[in-house]
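Remarks on the overall topology
So the chains spell out like this:
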Amino acid sequence: VVREDLVKEFSMSGVTFANLSSTYFYAYMIMQIPAGILADTLGARKTVTIGTLVAGLGSIIFGFANSLFLIFFGRLLVGLGVSVVFIAILKIQSKWFKESEFGTLSGITSFFGNLGGTFAQTPLVLLTAAITWRYSFITIGIFTVITAALCYLLVRNEPSDLGLPSIEEIEGKVKSDK
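Values in this document were obtained by computation on a predicted structure and should not be read as measured data. (Residues numbered from 1 in each chain as written. Predicted model: local features only at pLDDT ≥ 70, side-chain atom pairs only at ≥ 80, totals over all residues. Heavy atoms only, no water.)

A tally of helices and strands in the protein yields nine helices and zero strands. Sequence-ordered secondary structure for the protein, helices as α and strands as β, is α-α-α-α-α-α-α-α-α. Projected onto the principal axes, the alpha-carbon positions of the protein cover approximately 65 × 30 × 25 Å. Of all 178 residues assigned to the protein, the portion counted as buried reaches 33%. Taking all contacts inside the protein whose residues are at least 6 apart in sequence as the whole, residues at least 24 apart take part in 72%. Split by element, the accessible area of the protein, about 10700 Å² in all, is 68% carbon and sulfur. Taken as two groups, the 13 positive and 12 negative side-chain charges of the protein have centres that lie 4 Å from each other. (Helix = DSSP H or I, 4+ residues; strand = E, 2+ residues; numbered from the N terminus. Buried < 20%, exposed > 50% of the residue type's maximum accessible area, 1.4 Å probe, protein only. Contact = heavy atoms within 4.5 Å. Areas by Shrake-Rupley, 256 points an atom, 1.4 Å probe, with all protein chains shown as cover. Lys, Arg positive; Asp, Glu negative; His and termini not counted. Charge placed at Lys NZ, Arg CZ, Asp CG, Glu CD.)

Here it is, written out as structure tokens:
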């Protein structure tokens, strides 16, 4: 969506732009094993919160970037930040829903994630036309940071964090300590 703006403003070659685009995906790929480890050690709530915060800050840096280094760094942070979210969501789903529901929920989550990627282009085109690519990414970053704060406030790793019985207890698979 912002290819022409970036190529013009930063005098990018096609190869440089392709590398910028791939920075997100390389960061995402590299983080898949650490994402699971983080969700298991820090907990899904903190992992999602930190990842979303990093992605938001990356988007803001991207919007303010005045050099190729900063534009690549911002893109890298976005990739690193979002890379942990899907795995953490799966971890949360495994604690909050029945085992028999997990496949359906993970499929729905994946579907909506892909749907978002498919339909995000038009709103970004409209936003960029209205307020420029820089302010678009800064705005997206601010909303993402707010989302990170909401994740921390609202998301819980498992039902016991709210004093609720676990799914195993509800299904009678584990005896409650209570």
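This is not the end of the story, as more comes after the structure.
What follows covers a negative patch on the surface. Taken together, the side chains of E99, E158, D161 and E168 present a region of like negative charge at the surface. You can see E99 is positioned in helix α7 (residues 99-119). Judged by relative accessible area, E99 falls into the exposed class, the value being 66%. (Patch = residues over 30% accessible without salt bridge, like charges linked within 9 Å, V, L, I, M, F, W, Y side chains within 5 Å. Salt bridge = Lys/Arg side-chain N within 4 Å of Asp/Glu carboxyl O.)

Enumeration according to the criterion identifies eight aromatic pairs in this entry. One residue, R3, lies across the ring of F17, its end atom 5.2 Å from the ring centre. Above the face of the Y152 ring, R45 is positioned so that its terminal group lies 3.9 Å from the ring centre. (Phe/Tyr/Trp six-rings, centres within 6.5 Å; stacked < 30°, edge-to-face > 60°. Lys NZ or Arg CZ within 6 Å of the ring centre and 35° of its normal.)

So, about the pattern of salt bridges. Evaluated as defined, the whole model comprises three salt bridges. Where E171 meets K173, a salt bridge forms, and the shortest distance between an N and an O atom there is 3.4 Å.

Turning to a nonpolar patch on the surface, a few remarks are in order. Among the surface-exposed residues, I142, F143, I146, L150, Y152, L153 and L154 lie close enough to one another that they form a single nonpolar patch of about 740 Å² accessible area. Relative accessible area serves as the criterion here: at 56%, L153 is assigned to the exposed category.

All right, on to the packing of helix α4 (residues 44-64) against helix α6 (residues 85-96) then. Relative to each other, α4 and α6 sit at 155 degrees, their axes nearing to 9 Å. When the axes of α4 and α6 are compared, the pair comes out roughly antiparallel. In this structure, α4 crosses over α6, and the sense of that crossing is left-handed. Residues A44, T47, V48 and T52 of α4 lie in contact with α6, whose contacting residues are V85, A88, K91 and I92. Looking at the contact of α4 with α6 residue by residue, the classes come out as five nonpolar, two polar and one charged. (Axes fitted to C-alpha atoms, helices over the stretch in contact; angles between N-to-C directions. Parallel < 35°, antiparallel > 145°, perpendicular 65-115°, else oblique. Left-handed = near helix turned anticlockwise from the far one by under 90°. Nonpolar A, V, L, I, M, F, W, Y, C, P; charged D, E, K, R; others polar.)

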